[in-house]
Structure formats: C-alpha cells, structure tokens
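Here are the chains, one letter per residue:
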Amino acid sequence: MKYSAVRTVIADTSSEEKIYESLSAVVVYDALYDCRKWGPRHKLECLGGTRTKIIEEIETTLDATNRTLIWLSGSPGTGKSAIAHTIASRLKDKSRLAGTFFFSRQHKDVPGMASLDFFAPTLAYQISQSKHMAKASVVQSIRSDPAILDPRKPLADQIQELLVKPLQNVQVSWGHLEPKVLVIDAIDACEGERICELISCLSNLLHQPHIPHLHIVITSRPLHTIEDAFEAIGCEESICHIALDDVDVTEDLRLLFKHALERSYRNYGLECPESESDDETILCLTDRASGRFGTASMMMRFLETHDDDEVPYDLGEKISLMKDPGDAYLHPTQIFRFYEFVIDSSENLIRAYRHLSTVVNLAKPLAILHLRRLLGSSESDLSSILVSLSPIVRVPTDDSLPVEILHMESLRKFLSQQPSFSCASQLLAQSSLRTMKSSFLRQSGLKDELQQMVTLMKIPIEASPQSDHVRAYIANTWYLRPCSKTVYAATWYREYAHSGTGIACRALSIVQPCNMSEDVSKARSALRDFRTRSEFRDLHVFELLSTLQALPKTLIVVILLAIRHAHPSTSDNIDSTDGSDNESDMPPALKHFVQYVREGSERSLSSSPALRHACQYWGWYLSQDSTVVEERLRTFLRAFWRDKLLSWFERQWYLEGLESCIAMLTIAQTIDFND
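Residues numbered from 1 in each chain as written. Predicted model: local features only at pLDDT ≥ 70, side-chain atom pairs only at ≥ 80, totals over all residues. Heavy atoms only, no water.

Chemist: Explain the overall build of the protein here, please?
Modeler: Scanning the protein from terminus to terminus reveals 31 helices and nine strands. Counting every position in the protein, which comprises 675 residues, the buried fraction comes to 52%. Summing over all exposed atoms, the protein offers an accessible surface of approximately 30900 Å²; the carbon and sulfur share of this is 50%. (Helix = DSSP H or I, 4+ residues; strand = E, 2+ residues; numbered from the N terminus. Buried < 20%, exposed > 50% of the residue type's maximum accessible area, 1.4 Å probe, protein only. Areas by Shrake-Rupley, 256 points an atom, 1.4 Å probe, with all protein chains shown as cover.)

In structure tokens:
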C-alpha cells in the first residue's frame with residue numbers, strides 16, 4: 001500500500017493478493033467483537049441467566065424475514081456492550097454473523113476506534129472472509145477504484161462499493177440461509193458530526209435491492225441526535241427500538257453480585273457467610289450499582305484485586321467500603337484507595353477528578369441536565385464520567401433528578417489533595433457568571449421604576465412614625481392576603497403621610513393566614529446593616545440600596561409587600577373576592593410598580609434551574625477559593641459587576657428576597673477582582 005504526503009490511502013492493485021493485503025492493512029482489528037484487546041469472552045458477555053428477556057426479544061426480531069435495524073439504547077453502564085458481545089457471539093456460533101464494529105471511547109488512541117475512517121473496509125473484510133464470492137467482489141471494487149479505501153472517500157460510496165455490491169454478489173448463495181446480521185456497538189462514540197451520516201448509510205444499506213436478508217443491530221446512548229436521524233429517515237416500520245433505561249435489572253444485578261461474592265470467598269479461602277447476612281450485602285451492593293452493569297463490573301473487579309500496601313484490607317473490609325465508605329471502623333488510607341480505584345476505572349482520569357470535584361463543590365445538588373447547562377457544552381461527557389463513579393456518586397437515569405454524593409465529608413477530604421479541587425469553585429463561579437450574562441438580555445429597569453414610585457408616593461413629613469403605630473400596622477396586616485396586605489399598607493402609608501398618625505386606616509373584613517416567603521423584619525434588618533465599599537457607591541445597585549436605606553421604614557414595608565404581592569406564587573385573583581382586594585384601591589404609582597414587578601417575577605420564575613442556581617450562588621462560589629481569582633475569571637467578574645449586577649439584583653430579589661441579595665453583595669464585596 002502507498003501513502004501520499006497527506007496520507008491518502010492507495011491500494012496496490014498489481015495482483016489479487018496485493019489488493020487483499022491493502023484491504024487487510026486498513027482493517028481496524030481492535031474494533032472486532034472477538035479482539036483480544038476487549039478481554040476474555042466470559043467477562044465481556046452477559047452472565048448466564050441475566051438479560052434473558054432482552055436477548056430473547058432481540059433474537060426473536062433477528063429470526064424474522066423483514067429487514068430490521070434494532071437500536072439498543074441506554075445510558076452509560078446499562079450493559080449495552082455486554083449484550084452486543086453476547087448477541088455477536090451467539091450469531092457467530094450459528095454462522096449468522098456478517099460483521100461487527102465496536103467503537104470505543106476508552107481506546108481513542110487506537111486509529112479507527114472512534115471514527116468512520118475505516119468503518120466500511122473493516123466490515124467488507126469480514127464479509128469477504130465468509131464467502132469466496134464476496135471476497136472476489138470486494139477485490140474487484142478495490143481494483144476499479146484503488147482509492148476507495150481512503151478515509152476521505154464519502155462513506156456512502158465506500159458502503160456501496162465495499163458492502164452492497166459484494167452482498168448482491170452472494171444473494172443466491174446466502175438467499176436460502178437465515179438472515180445475516182451486522183452488530184455495531186457504541187455508534188455515539190464515533191465523531192459526533194457524522195452520526196447522522198452513519199445512520200443514514202446503514203438504513204440505506206438495509207433497504208438495498210438484490211441483497212440477502214440482512215439485519216443490523218446498533219447500540220448507543222439515548223441521544224437526540226440519533227432520534228433526529230431516525231426521524232429524518234422516515235422508515236419507522238424497519239426500526240425496532242429497545243430502551244434499556246426502561247428495564248428493571250435489579251434481579252440481574254443481584255445474581256451478578258451473588259456469583260461475584262461466591263467467587264471471591266473461594267479465592268480468599270473463606271466460607272460463605274450466613275444467607276441472611278449475604279442477602280443484605282447483595283442488596284446493598286445492588287443499590288450502590290444504581291442499576292448499571294458497568295458499575296457492578298467495576299465493583300466486582302475491586303473485590304478481586306489483591307494488595308500488599310501498608311494498610312491492607314481483607315474481603316470483609318472491601319465489602320464494607322463499597323457498602324459505606326464512611327464506616328468509622330475503616331482507615332482513611334483504605335477509604336482513599338477505594339476512591340482511587342473507582343476513579344482510575346473511569347474512561348478519563350483527568351476529567352473524572354475534574355467532574356467529581358465540580359459536583360462535590362456544588363452549593364446545592366443539581367441534576368445532570370441542569371448542571372450541564374450551567375457548565376456549558378464543554379462538559380458533554382459529564383454524565384458518562386459521573387456514571388462510571390457510581391459507587392460514590394449516585395446518578396439517576398432520569399437527567400432531571402439531582403446527583404447525589406455519597407459520604408461527602410471523606411470524599412471532599414480526599415479530593416482536596418487534587419489540583420482540580422481548588423479550581424472547581426472558580427469553574428462554577430465563571431460558569432454562573434457566563435450563564436447570567438447570556439440570559440440577561442437588557443439592563444434592569446428596577447432602579448428607575450422604584451425611584452419613580454417612591455417620588456410619586458412619598459409626601460415629606462417631619463415626624464417619623466411612632467413605634468406603636470408601626471406595631472399596629474404590622475398586627476393588622478399580618479393575616480391578610482398578599483393583595484389585601486399591599487392595598488392596606490399603601491392606604492395606611494397614604495393616611496400616615498397626610499396626618500402623621502395612620503389612625504384612619506381600617507382593617508379589611510376578609511382575612512387569611514399569610515404565606516409570604518420573605519421575612520419583612522429580616523429584610524429591613526439586612527438593609528439597615530448593609531455597608532457599601534466606597535469605590536462601588538456610584539454603581540446602580542448600591543445607589544438603589546442607599547435610596548432604600550434612606551426611606552421611612554413604613555414605605556420600605558410597602559415596597560416589600562408590593563414586590564411580594566406581585567410574585568405569581570402568592571398573588572390572588574383580584575376578581576375572585578367581594579371586591580375588598582381590588583387593586584384599584586392602590587395609588588396609581590404603586591399599581592404601576594406592582595405591574596412592572598409582576599412581569600419581571602414571571603420571567604424569573606420561568607428561568608431554568610441552572611440560571612436560578614447561578615443567580616443564587618455565584619458570589620458564594622467566588623468566596624470559597626482562598627487564592628487570588630484567576631485572570632480570565634477576574635476579567636469576566638469586572639465586566640459583570642459593572643454591566644449586569646443590577647439585572648442580577650432584580651432577579652434575585654424576585655426569587656429569593658431582598659435579604660438574599662444583600663447577603664450575596666456582602667460576600668461579593670470581599671472579593672478582590674481588581675488587577
């Protein structure tokens with residue numbers, strides 16, 4: 001074979017043997033299901049007695065005469081590859097296996113294992129070995145186009161020349177046999193931008209005329225890209241989708257751990273414990289596996305490892321570690337070695353430490369779906385990495401449920417020794433700032449709206465409200481509905497502003513227990529105690545806070561209640577009562593302000609959990625790192641501080657109350673983000 005300067009693959013066509021040597025030279029042997037790189041067959045395939053219903057469903061479909069593409073989907077660790085290996089092995093024993101290609105993330109360094117460069121030639125090589133007539137046709141296609149093996153050739157052309165034509169050539173000899181099958185594992189591990197192309201080409205291959213009956217089995221994670229590709233094909237009748245995430249595998253995992261424990265007891269020369277104790281252990285280990293065979297396999301490998309370290313542990317201690325790494329009887333070195341074993345088993349060691357450190361540093365647990373949105377597209381492998389750490393991280397198959405860290409204290413102590421741990425809080429801070437920056441489309445108008453309302457409502461007076469009047473006001477409004485509370489407060493303030501007493505204000509007849517989430521007294525206390533650094537006083541947020549601090553406390557209460565009344569979660573239907581709650585009783589300035597806040601509150605409540613998390617914790621993440629904020633984050637923070645801070649303040653006030661805003665600003669002011 002000849003390679004040009006740009007590695008163009010040109011086959012040697014001087015003889016049939018040379019042509020076949022050229023084909024053999026580009027085959028990705030490591031992608032064959034029975035390659036030794038994958039390990040012993042018994043460790044790759046499903047344990048006897050497990051996954052029986054899934055395998056029976058697949059084999060029943062493969063026995064049908066209609067050509068079918070079976071898509072086996074499942075989240076990481078659900079056993080897709082084990083099923084693919086089992087199906088391929090059974091088909092090989094029945095002489096029904098046309099070819100296999102197992103993509104791999106873990107072997108990206110092996111040429112062709114994560115790309116389509118030599119996908120078609122590898123399948124053509126396997127087909128050519130099964131029948132002499134197919135081999136002759138493959139050789140003829142290469143002779144006609146010596147560059148057909150080149151990875152820059154369109155995949156559709158390669159499949160047409162190297163697969164379709166050879167299959168058409170063996171239609172007569174294969175036609176009376178049971179349908180042949182191609183098994184392709186982990187198609188989502190190939191180049192992401194070419195997944196749709198691959199699916200389109202496979203579907204086209206399946207529907208080619210004048211070829212023997214053929215089935216194709218593919219496995220992948222449940223990606224929207226693949227669903228869209230199938231929808232674009234529009235051949236629903238020829239696609240059989242089996243979703244592993246919908247299958248209960250508890251009994252299968254129990255059987256796996258039962259065999260693993262029995263084998264481990266024998267290897268350690270121990271007798272099996274009493275059945276009741278053993279059953280409890282199996283149940284606990286099954287729970288730790290979180291429904292994933294990949295995790296169970298890793299845990300079983302841990303049981304089989306032997307060590308001669310300074311702090312050795314026996315089988316019982318290994319089992320205790322997997323059941324509860326926080327067990328007080330375990331030595332820290334043993335616990336840390338277990339964490340290392342779990343992390344070392346992941347597909348990417350560096351990313352494993354990074355993702356684990358990020359999740360452990362979260363101020364509040366987040367679901368994978370929302371955490372991925374917070375961190376951005378650069379963390380696309382977040383789910384698969386965390387799933388591989390399942391004995392210490394519980395990742396629900398439902399992406400909308402929060403990730404749970406098991407034994408946080410010991411894991412934080414372990415991770416604190418890693419460089420990635422110290423960077424996690426800054427990563428979360430920068431991700432939070434970026435999320436808010438991209439979501440806040442305009443500057444906030446809160447400061448101007450509030451100033452206008454205060455100017456129109458406030459009537460200057462010399463005397464300040466007496467404490468007994470304030471107490472009377474609070475007592476009268478405490479049990480009112482939010483709308484009634486706001487109207488009452490505005491009326492009371494208006495009467496007070498005119499007379500200086502507020503005595504003329506009457507209590508409304510319809511009352512209910514108040515369900516306000518904002519504690520007025522705490523908000524007023526936080527506002528009173530807040531101090532602004534001198535260099536920030538000219539910024540809009542701090543100007544607004546200074547304005548609020550200077551207002552009479554009764555007007556502050558009116559403002560707080562107006563914002564709470566406008567919040568969609570507490571607003572009443574003003575037309576559903578006898579009229580006592582009608583907003584027409586409000587002063588026009590207050591009514592206009594309430595409407596502005598209501599619209600903003602509705603936008604805030606519709607925000608994604610990722611954005612709400614960013615709004616609530618960005619300052620906290622910055623305060624967690626004792627080191628100087630790194631330059632890129634410092635640049636981002638300076639711009640956000642001057643451009644988007646008021647927009648953040650408004651969102652946070654609506655969502656969590658004034659007190660939370662002030663608490664965050666108090667933290668943020670302590671951060672040195674200047675050059």
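Additional details are given in the paragraphs that follow.
Chemist: Got a minute to help me understand the state of the cysteines in this structure?
Modeler: Cysteine pairs can be linked by a disulfide, which is a covalent bond between their two sulfur atoms. Scanning the entire structure with this criterion turns up zero disulfides. Cys 190 provides the cysteine sulfur closest to Cys 196, a residue in no disulfide bond, and the two sulfurs are 9.9 Å apart. When its relative accessible area of 35% is taken as the criterion, Cys 196 is described as partly exposed. The thiol sulfur of Cys 661 is not disulfide-bonded, and the nearest other cysteine sulfur, from Cys 615, lies at 9.5 Å. Take Cys 661: its relative accessible area is 0%, and that puts it in the buried class. (Disulfide = S-S within 2.5 Å.)

Chemist: I tried to follow the packing of aromatic side chains on my own but got confused; where do I start?
Modeler: Given two aromatic rings, their pairing is described by the distance between the two centres and the angle made by the two planes. Going through the model one piece at a time under the given rule, you end up with 22 aromatic pairs. Considering the side-chain rings of Tyr 29 and Tyr 125, the 5.7 Å spacing of their centres and the 80° angle between planes classify their relative orientation as edge-to-face. Highlighted residues: Tyr 29 in the loop between helix H1 (16-26) and helix H2 (41-44) and Tyr 125 in helix H5 (residues 119-130), separated in sequence by 96 residues. For Tyr 29, a relative accessible area of 37% corresponds to the partly exposed category. Of the residues examined, Tyr 125 reaches a relative accessible area of 11% and is grouped as buried. By the ring-pair criterion, three or more aromatic residues cluster together here, those being Phe 302, Phe 336, Phe 338, Tyr 339, Phe 341, Tyr 353 and Phe 414. The ring of Tyr 20 carries the charged tip of Lys 135 above its face, separated from the ring centre by 4.3 Å. Over the ring of Phe 302 we find Lys 318, and its NZ or CZ is 5.5 Å from the ring centre. (Phe/Tyr/Trp six-rings, centres within 6.5 Å; stacked < 30°, edge-to-face > 60°. Lys NZ or Arg CZ within 6 Å of the ring centre and 35° of its normal.)

Chemist: Explain the pattern of salt bridges to me, please; I cannot follow it from the model alone.
Modeler: Should the charged atoms of two oppositely charged side chains come close, the side chains can pair. Evaluation of the coordinates by the stated rule reveals 22 salt bridges. Glu 197 serves as the salt-bridge partner of Arg 194, at 2.9 Å between the closest nitrogen and oxygen. On the basis of relative accessibility, which here comes to 16%, the residue Arg 194 falls in the buried class. Glu 197 gets classed as partly exposed once you look at its relative accessible area, which sits at 29%. If you follow the salt bridges from partner to partner, you end up with Asp 287, Arg 288, Arg 394 and Glu 404 in one network. (Salt bridge = Lys/Arg side-chain N within 4 Å of Asp/Glu carboxyl O.)

Chemist: Could you clarify how one ought to interpret the side chain of Thr 281 in this entry?
Modeler: Looking at the secondary structure, you find Thr 281 in helix H12 (residues 275-288). According to the relative accessible area criterion, Thr 281 is buried, its value standing at 7%. Non-local contacts of Thr 281, meaning those with residues more than four positions away in its chain, are made with Leu 261, Ile 319 and Lys 323. (Contact = heavy atoms within 4.5 Å.)

Chemist: Sorry, what's going on with the packing of H1 against H5 here?
Modeler: When two helices pack together, you describe them by how their axes are tilted relative to each other and by the distance separating the axes. At a minimum axis separation of 8 Å, H1 and H5 run at an interaxial angle of 125°. Relative to H5, H1 is oriented oblique. The handedness of the crossing between H1 and H5 comes out as left-handed. Only Pro 121, Thr 122, Tyr 125, Ser 128 and Gln 129 of H5 make contact with H1, whose side of the interface consists of Tyr 20, Leu 23, Ser 24 and Val 26. Counted by class, the contact of H1 with H5 contains five nonpolar, four polar and no charged residues. (Axes fitted to C-alpha atoms, helices over the stretch in contact; angles between N-to-C directions. Parallel < 35°, antiparallel > 145°, perpendicular 65-115°, else oblique. Left-handed = near helix turned anticlockwise from the far one by under 90°. Nonpolar A, V, L, I, M, F, W, Y, C, P; charged D, E, K, R; others polar.)

Chemist: Help me out: how do you make sense of the environment of Leu 428 in this one?
Modeler: As for its placement among the helices and strands, Leu 428 is situated in helix H20 (residues 419-439). For the pair Leu 428 and Trp 620, spaced 192 residues apart in sequence, the C-alpha separation works out to 9.9 Å.

Chemist: Help me understand the environment of Val 27, please; the structure alone is not making it clear to me.
Modeler: Tracing the sequence through the fold places Val 27 in the loop between H1 and H2. Judged by its relative accessible area of 8%, Val 27 falls in the buried class. Put simply, Val 27 and Phe 118 are 91 residues apart on the chain and 6.5 Å apart in space, counted from C-alpha to C-alpha.

Chemist: Teacher, can you tell me more about unusual backbone geometry here?
Modeler: Note on backbone geometry: most residues besides glycine have negative phi, and most peptide bonds are trans. At Ser 95, a position not held by glycine, the phi torsion is positive, near 60°. Position of Ser 95 among the secondary structure elements: in the loop between helix H4 (80-93) and strand E4 (97-102).

Any functional reading would require information that these geometric values do not contain.
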